[in-house]
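Residue-level listing of the chains:
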Amino acid sequence: MKKTIKIIAIFLAITAFITVSTSAQTDKQKQKVKGSGKITGKVFDKETAAPLTSATVQVFKMKDSSKVTGAETDDQGSYSMDVPYGRYRVIISYISYSSAIYNGVVVNATTPTQDVGTTNLSSSITSTQVIEVTAEKDFMETSIDKKVFNIEQSLITQGGTATDVLKTIPSVTVDADGNVSLRGNSNVKFLVDGRPSGMIGTDPTNALQQISANTIERVEVIDNPSAKYDPDGTSGIINIIMKKTEEAGYNGNVSVNAGTKDKYNTSLNLNYKNKNLNVYGSYNFRLFNMHGNGNTFRQNNFGDSTFYFDQNSLQHFNMQGNMGTLGFDYSLSNNDKISLSGTYNNRQRSIDQTLHFNQLDGGMSLTSLYDRNNYEKHTGNGLDVTLSYDHKFSIPKEDLSAAVYYSSNKDDEVLNANQQNYDLGGNPLGNPILQNTYTNGKYQLGSFQLDYYYPLGDVKGDSRIEVGYKGTLRNTSSDFRSENYDYVLGAFVTENNLTNNFQYKEQIHSFYGLYANGYKDFKYQLGIRLEEALTKPELLSANQNYDNNYFSFFPSFYLSQKFATTNELQLNYSRRINRPNLYMLNPFIDYSDPYNLRQGNPYLKPEYVNSFQFSYIKYLSFASVTGSLFYKQINDMMSRIVTVYPDGVSLTSFQNLNNAKSYGAELTTSGHPFKWWNFNADLTYFRMIISGNDNAALNNDNYSYTAKLMNNFSIAGLFDLQVSYNYQGPTVLAQGRMDPIQSFDIAIKKDILNGRGSLGFRVSDLFNQQRYVSETSGPGFVQDMTRVRDSRAAFLTFSYRFGTDGKQQPKKDKPKNNEEENNDNGDY
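Attention in this report is confined to the structure presented alongside it.

Criteria and cut-off values
- Each chain has its residues counted from 1, running along the sequence as written.
- Where local features are concerned, this predicted model is filtered to residues with pLDDT of at least 70; where side-chain atom pairs are given and counted, the filter is 80 or more; whole-chain, interface and lining totals use all residues.
- Side-chain measures were taken over the full set of non-hydrogen atoms in the model, leaving aside hydrogen atoms and water.
- Any two strands between which DSSP finds at least two bridges are classified as paired.
- A run of H or I in DSSP becomes a helix once it reaches four residues, and a run of E becomes a strand once it reaches two; helices and strands are each numbered from the N terminus.
- Classification of residues uses two cut-offs on accessible area relative to the type maximum, computed with a 1.4 Å probe and protein chains only: under 20% is buried, over 50% is exposed, and between them is partly exposed.
- Counted as positive: Lys and Arg. Counted as negative: Asp and Glu. His and the chain ends are not counted at all.
- Whenever a carboxyl oxygen of Asp or Glu lies within 4 Å of a side-chain nitrogen of Lys or Arg, that contact is scored as a salt bridge.
- Polar contacts here mean pairs of N or O atoms no more than 3.5 Å apart (in protein, one a potential hydrogen donor and the other a potential acceptor; neighbouring residues in sequence count only if both atoms are side-chain atoms).
- The contact rule is simple, with two residues in contact once any of their heavy atoms fall within 4.5 Å.
- By nonpolar core is meant a set of buried Ala, Val, Leu, Ile, Met, Phe, Trp, Tyr and Cys residues that side-chain atoms within 4.5 Å join together.

For strand 17 (residues 263–273) and strand 18 (residues 277–302), the ladder comprises 11 bridges, and the chain directions are antiparallel. In the sheet register, lysine 273 faces strand 18, and the bridge partner there is asparagine 278. As judged from the 26 bridges shared by strand 18 and strand 19 (residues 305–331), these two strands associate in the antiparallel manner. Considered in strand 19, the bridge of methionine 290 is made with phenylalanine 317. Once strand 18 ends, the chain turns through 2 residues before running back antiparallel as strand 19, passing glycine 303 with a positive phi of about 65°. Across 9 bridges, strand 18 lies against strand 44 (residues 781–789) in antiparallel orientation.

To continue, consider the side chain of lysine 263. As for its position among the elements, lysine 263 is in strand 17. Buried and unpaired, lysine 263 has aspartate 790 as its nearest opposite-charge partner, separated by 4.4 Å. A polar side-chain atom of lysine 263 sits 3.1 Å from the main-chain carbonyl oxygen of threonine 260. Lysine 263 has contacts with Asn257, Ala258, Leu287, Phe288, Asn289, Asp790, Ala793 and Phe795, leaving out every residue within four places of it along the chain.

Counting residues in each nonpolar core, the largest one holds 31 residues, and the members touching the most others are Leu166, Ile169, Ile216 and Ile238. Those elements giving two or more residues to this core turn out to be helix 3 (162–167), strand 11 (172–174), strand 12 (180–182), strand 13 (188–192), helix 5 (204–208), strand 14 (216–222) and strand 15 (236–242). In this view, isoleucine 216 contacts Ile151, Glu152, Ala162, Val165, Ile211, Ile240, Ile241, Met242 and Lys243; residues no more than four positions away in its chain are not counted. Among the nonpolar cores identified, the runner-up in size contains 20 residues, and Val43, Tyr85, Ile92 and Leu121 belong to it.

Moving on: the environment of valine 414. Here valine 414 shows up in strand 22 (residues 399–422). Considering only alpha carbons, one finds valine 414 and threonine 437, 23 residues apart in sequence, at a separation of 5.8 Å.

The values are spatial; any link to function lies outside them.
Below is the structure:
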């Protein structure tokens, strides 16, 4: 508790220091901090290259087209205008000359001075040239309910996977097996483009390693989702947004990547867009190899007897995957749009593992030993299809959308095990034990969603009502078969007592409503979601059913108060649920490792979470700082439990522990001190307290913290450099802890071929520091485990983009105001 108080005190002290030091600045500095910047540029005659004097420059808000300021060019054709932070349209005109419109000119703390460059106007031409400004986005952007991380320009993830991307995201940690946690909690809901994916839903750990980082545009982290979102994921939602080019004309880019120890990745993205139609597609191929090793040492104590297990392992991982996407958006009218998209993937993954096992007595003398080889191969494919329709009413922002979604995923696993027992002299004992297991997994999901948005009062504000319905049908199955080789018969014989076919059917019907309003700088949002879940787990091989239907409600609220233009306080609450998955429910015992068994619990109940978060945001002249305090109360928590039997065999299963709570603090800052340097830093501290159900041995109380620092350096005309450091403190487990983990990554990129191409080079885990060490204990055992993978690797990437780059024929008409209001993300 003293450590907890100390950490929170430091957190509050840092926040107070930032506030006090900022308020003590000079009047000139205060004016800058309050959110003002400049828009600059030059205007020239296109034919003579002479500066145009007294050309008219006007600035309008993108949000509502209201005029902000204006100016005329000087004798040098230059102009400079002071504007508040925001997103603007700049219109440049001159008598008897063409006009130019710049859409999306952003002035914020990261880019306080926005130079739109030189504008060349043609004489005797009355057309208007529309120019879309695509300024580089900040790595992190915040809103009232989520954080957005723009990783499209990330260098240290080029050639990597979605797992590598998530390692760079503040608050997110990834363990030795690729399991993702958010603020120390592994119950994360993953979405792709705002929707669940069959591939990620069934096996997120391996699915994330199949998605290429080159295909990802940004990652949205929703720590405390509102009632509009599905309530799954007690720690929050991670929404992976894939790249989807929408530039006019035809455009594309290709990327080829190669890494040490047989790691390859290539991707292709294409799109074509005209006035009403946008067609896009992508393809990605990935081949990845990795080696690892580990050791497990367990002390077993039963009465007066003590003996030990010592197991060493070597692994080789091979992953190969193809993923393709094809879709289109078509505008039926100015107010109606229909979209259809589909993503198909096929993949195969193999793990070749060798185990060397020793059993020792209390005096550490060898009593038995064996070698076991497990060759595990997965093959599968998946399909995600979305059909959506959107209608905009005559009232700006009023919107009705409907979507039908279908997802299927198939994964077949074959395990070939070969175990050879030896005497104490190392001589083989009899024939090897040969075992094959076959698992056929299927996942199907269908959903229909209807959403309605109605603005209240001033359409420029955020007052609104949102309502919607979502119906989901999900069917998941796992068919398992095991066989042993019979040397007498000379053939493999099926073990009927181990054959298992488990199916899980689920229907979820939910309605939600949101009401948002505010007064001046105070805003609030209230929401409620009502849900009926009909579930039916079935052990088909034993003709057993475990029906479990339940009704739930999920309230949420968001409060936000701004002070001046540089300070904001936020308070939010939501209720969440964590439903047991197929792996947790299936009562079949997994014997792939005969001394480390696994079994699900069909009577496992869902857990409910009440989540609170308080945040303070400070906008500085060169950066933004966000501090958060969070608290979660978890009831009927689902946790892994390890039981060791007198013969030394361990069984890992799941139980609803009595309750748990976690709380902590997070400090995140993102800034641009100089034109050539920007950074993002994050420090997260969290504590987890677990209480066992009338079993003091399952109680646990520990803390952990993570720190991440990413620096980007841009040396004009030469290269871009990115340096990243990740540190994960000791992590709480249900029956122990994991030691700290750290890594250092570095990457460099050079633009070539007139900026259309680039060469990149990166090294992951430069100092080869990633290793996973854990200690667990319980009644009758103490276990130490170490696992290491060849995380240090070098990658070389070549990228090239081609096409029209959004160039199009000059437009005579200006964009419609209400279209921009519907698409605008609001001022900074």
